[in-house]
Amino acid sequence: MSRRNAWPIAIAADAVSILVFAAVGRANHHESAGTQGIWHTAWPFLLGAALGLAFTAYQRVTPTEIRAGVRVWVWTLVIGMVVRNSIGGGTPVPFVIVAAVVLAVFLVGWRALLSWRRWRTPWRRLTP
């Protein structure tokens, strides 16, 4: 995959990951799973991911690499929590912990799977 093709993939995969995180969280708390409710929960984290991806671009890191995923995860979590708290959404410790774990699994996880697939593919060709 070229670096140029990596950007649309990373943007879409991160956005979908965050929207799934918001939708599942709202459903688990029996809150509205409609578009407005999901957007209300997701937008601070989407903002954080956008800033994290911008920082990744500034550092010239391919956005599908695991190290980019860690950067995006940290930015997403920190900015998401700061914005959420500033608009009155609250950031209780259990929510921060769950969000940190789930967002790490989602934002770093798809990159790890992609890296594992790329790493594994040449070895598969060598085996009879």
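Structure shown above.
In what follows, the accompanying structure is described. Only a predicted model underlies this, so the values are computations on that prediction, with no experimental measurement involved.

### Overview of the overall build of the chain
Thinking step 1. Scanning the chain from terminus to terminus reveals 4 helices and 0 strands.
Thinking step 2. Each helix (α) and strand (β) of the chain, taken in turn from the N terminus, gives the series α-α-α-α.
Thinking step 3. The proportion of buried residues among the 128 residues of the chain is 33%.
Thinking step 4. Across the chain, the fraction of contacts at a sequence separation of at least 24, relative to all contacts at a separation of at least 6, is 71%.
Thinking step 5. Counting every atom, the chain has about 7,800 Å² of accessible surface; 69% of that belongs to carbon and sulfur.

### Topic: helix α2 (residues 35-58)
Thinking step 1. An ideal rise of 1.5 Å per residue puts 34 Å on 24 residues; α2 measures up with 32 Å between its terminal C-alpha atoms.
Thinking step 2. The sharpest bend along α2 reaches about 45° and sits at A42, with the proline P44 one to four residues further on.
Thinking step 3. Every buried residue belonging to α2 is among G37, I38, T41, A42, P44, F45, L46, G48, A49, G52, L53 and T56, and all of these are buried.
Thinking step 4. At the C-terminal side of α2, R60 shows a positive phi close to 60°.

### Digging into the nonpolar core
Thinking step 1. Judged by nonpolar contacts, the single largest core of 19 residues is most densely connected at I18, F45, L77, A99 and L103.
Thinking step 2. When residues no more than four places from it in sequence are discounted, the contact partners of I18 are A42, F45, L46, A49, T76, L103 and L107.

### Details of the side chain of R111
Thinking step 1. Within the fold, R111 resides in helix α4 (residues 93-126).
Thinking step 2. The buried category is assigned to R111, whose relative accessible area is 0%.
Thinking step 3. Within the structure, the side chain of R111 is placed 2.7 Å from the backbone oxygen of P63, a separation counted as a polar contact.
Thinking step 4. The contacts of R111, once residues within four sequence positions are left out, are A10, D14, L53, P63, T64, E65, I66, A68, G69 and V72.

### A few points about helix α3 (residues 66-86)
Thinking step 1. With 21 residues, α3 extends 30 Å from end C-alpha to end C-alpha; this agrees with the ideal 30 Å at 1.5 Å per step.
Thinking step 2. Among all positions of α3, only A68, G69, V72, T76, L77, I79, G80, M81, V83 and R84 are buried.
Thinking step 3. Directly after α3, the chain includes G88, whose backbone phi takes a positive value near 85°.

### Some points on a nonpolar patch on the surface
Thinking step 1. A cluster of nonpolar side chains, I66, V70, V74, V78 and V82, forms an exposed patch at the surface whose accessible area comes to about 370 Å².
Thinking step 2. Note on placement: V78 falls in helix α3.

### Quick word on the packing of α2 against α3
Thinking step 1. It is at 7 Å that the axes of α2 and α3 come closest, and there the two elements cross at 140°. Between α2 and α3, the angle falls in the class oblique. Both α2 and α3 take part in a crossing whose hand is right-handed. Each of W43, P44, F45, L47, G48, A49, L51, G52, L53, F55 and T56 in α2 lies in contact with α3, whose residues at this interface are A68, R71, V72, W75, T76, I79, G80, M81, V83 and R84.
Thinking step 2. When its residues are assigned to classes, the contact of α2 with α3 shows 14 nonpolar, 5 polar and 2 charged.

What counts, and where the lines are drawn
- Residues numbered from 1 in each chain as written.
- Predicted model: local features only at pLDDT ≥ 70, side-chain atom pairs only at ≥ 80, totals over all residues.
- Heavy atoms only, no water.
- Helix = DSSP H or I, 4+ residues; strand = E, 2+ residues; numbered from the N terminus.
- Buried < 20%, exposed > 50% of the residue type's maximum accessible area, 1.4 Å probe, protein only.
- Contact = heavy atoms within 4.5 Å.
- Areas by Shrake-Rupley, 256 points an atom, 1.4 Å probe, with all protein chains shown as cover.
- Expected span 1.5 Å × (residues − 1).
- Bend = angle between axes of the 7 residues up to and from the residue.
- Core = buried A, V, L, I, M, F, W, Y, C linked by side-chain atoms within 4.5 Å.
- Polar contact = N/O pair within 3.5 Å; in protein donor to acceptor, adjacent residues only side chain to side chain.
- Patch = residues over 30% accessible without salt bridge, like charges linked within 9 Å, V, L, I, M, F, W, Y side chains within 5 Å.
- Salt bridge = Lys/Arg side-chain N within 4 Å of Asp/Glu carboxyl O.
- Axes fitted to C-alpha atoms, helices over the stretch in contact; angles between N-to-C directions.
- Parallel < 35°, antiparallel > 145°, perpendicular 65-115°, else oblique.
- Left-handed = near helix turned anticlockwise from the far one by under 90°.
- Nonpolar A, V, L, I, M, F, W, Y, C, P; charged D, E, K, R; others polar.

Everything listed here is a matter of coordinates, which is why it stays silent on function.
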